[in-house]
Amino acid sequence: MFDFLNNLYCCLLEFFNSNCSVFFLTLLLNTPIFVAFLYLFYTMKKKVLFVCLGNICRSPSAEAVFKGLVNKAGLSNRFEIDSAGTIAVHSGEMADSRMRKHAQRRGYSLESISRKVKPFIDFDYFDYIIAMDDQNYSDLVGMALSDKHIDKISKMTDYSKKFNYSEVPDPYYGGDQGFELVLDLLEDACEGLLTSIHNDF
Ligand code: 4NP
């Protein structure tokens, strides 16, 4: 019996003295720190979702314009930026070719694929949910599941600096001027939005 206990003691001692056990012990002790670090890193990122009706004209443009500004400011690792529509009619499609053409002329490449807002995911995940017009705004408020979600919703033109528009008008049924106006309004308001979020960091 004594021999057995003595052997067990020796085995345990050997295990705790081995490099392997030191490694696993260190890992075990550091896991909560690592998880906390990951959580901090995740929450440090500001997550922005731009929303319009079809997610093929205004919100993909807002996404591209804002990404361009954020990149220029060297802040791309501090942001997650996406866009969505309140309807699913154009889900899976690229941005409207007219919108892409006008955006391309100003150096923006519209890469996003249209998708509908996912209320159960998007309202928790994103920090800022930005509507292009009053109808998008009220549709989003209707989809929100709590007051905390509603507090995340604002309108793109709330951040305008130069322009005095209350909405980014829908260009879908109009001509070239409408698409240019969308880009003018977005370039202006995205600057204001970046300043506003930067103050929240
Ligand atoms: P968006 O423009 O909301 O800026 O993407 C529109 C896209 C599609 C339609 C309307 C507006 N539509 O009626 O299909």
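Residues numbered from 1 in each chain as written. Predicted model: local features only at pLDDT ≥ 70, side-chain atom pairs only at ≥ 80, totals over all residues.

**Details of the overall build of the chain**
Scanning the chain for helices and strands turns up 8 helices and 4 strands. Shown N-terminal to C-terminal, the secondary structure of the chain runs as helices and strands in the order α-α-β-α-β-α-α-β-α-α-β-α. When burial is assessed residue by residue, the chain has 32% of its 201 residues classed as buried. For the chain, the proportion of contacts with a sequence separation of at least 24, taken over those separated by at least 6, is 74%. (Helix = DSSP H or I, 4+ residues; strand = E, 2+ residues; numbered from the N terminus. Buried ≥ 20, exposed ≤ 12 C-beta atoms within 10 Å, placed from the backbone. Contact = placed C-beta atoms within 7 Å.)

**Re the sheet that holds strand 3 (residues 128–131)**
Taken in spatial order, the 4 strands of this open sheet run 2-1-3-4, and their pairing is parallel. Unpaired on one side and paired on the other, strand 2 (79–85) and strand 4 (153–155) mark the two borders of the sheet. Geometrically, the sheet is characterised by an average inter-axis angle of 25° between neighbouring strands, direction not taken into account. Where strand 3 lies against strand 4, 3 bridges are found, and the strand directions are parallel. Residue pairing for strand 4: A131 is matched across the bridge by K155. (Pairing = 2+ DSSP bridges. Axes fitted to C-alpha atoms, helices over the stretch in contact; angles between N-to-C directions.)

**Points about the environment of S76**
Looking at the element boundaries, S76 is found in the loop between helix 3 (58–72) and strand 2. Distance from S76 to K45, taken between C-alpha atoms, is 9.4 Å for residues 31 residues apart in sequence. Leaving out residues up to four positions away in the same chain, S76 has contacts with V70 and N71.

**Some points on the nonpolar core**
If you look at the biggest cluster of nonpolar residues, it comprises 40 residues, and the most contacted ones within it are L49, V51, F66, I130, A131, L186 and C190. Of all the secondary structure elements, the ones that give two or more residues to this core are strand 1 (46–52), helix 3, strand 2, helix 4 (97–105), strand 3, helix 6 (134–143) and helix 8 (176–200). No other element matches the 9 residues that helix 8 contributes to this core. Setting aside anything within four residues of it in sequence, one finds F66 in contact with V48, I81, C190 and L193. (Core = buried A, V, L, I, M, F, W, Y, C linked by C-beta atoms within 7 Å.)

**Observations regarding the site of the ligand**
Around the ligand, the neighbouring residues are C52, L53, G54, N55, I56, C57, R58, V89, H90, D170 and Y172. Per-class residue counts for the shell around the ligand are 6 nonpolar, 3 polar and 2 charged. (Near = placed C-beta within 6 Å. Nonpolar A, V, L, I, M, F, W, Y, C, P; charged D, E, K, R; others polar.)

**A short note on helix 4**
The complete set of buried residues in helix 4 reads M99, R100, H102 and A103. Buried positions in helix 4, seen along its axis, are confined to an arc of 170° and lie on one side of it. Turned more than 90 degrees away from the buried face of helix 4, the exposed residues are S97, K101, Q104 and R105. Positive backbone phi, at 90°, marks G107, one or two positions downstream of helix 4. (Arc of directions from axis to C-beta.)

**Quick notes on unusual backbone geometry**
At N55, a position not held by glycine, the phi torsion is positive, near 60°. Inspection of the secondary structure assignment puts N55 in the loop between strand 1 and helix 3.

**Observations regarding the packing of helix 3 against helix 8**
Running from N to C, helix 3 and helix 8 point in directions that differ by 50°, and their axes come no closer than 9 Å. Between helix 3 and helix 8, the angle falls in the class oblique. The handedness of the crossing between helix 3 and helix 8 comes out as right-handed. Where helix 3 abuts helix 8, its residues R58, S61, A62, V65, F66, L69 and V70 lie against V182, L183, L186, E187, C190, E191, L193 and L194. Classifying every residue of the contact of helix 3 with helix 8 by side-chain character gives 11 nonpolar, 1 polar and 3 charged. (Parallel < 35°, antiparallel > 145°, perpendicular 65-115°, else oblique. Left-handed = near helix turned anticlockwise from the far one by under 90°.)

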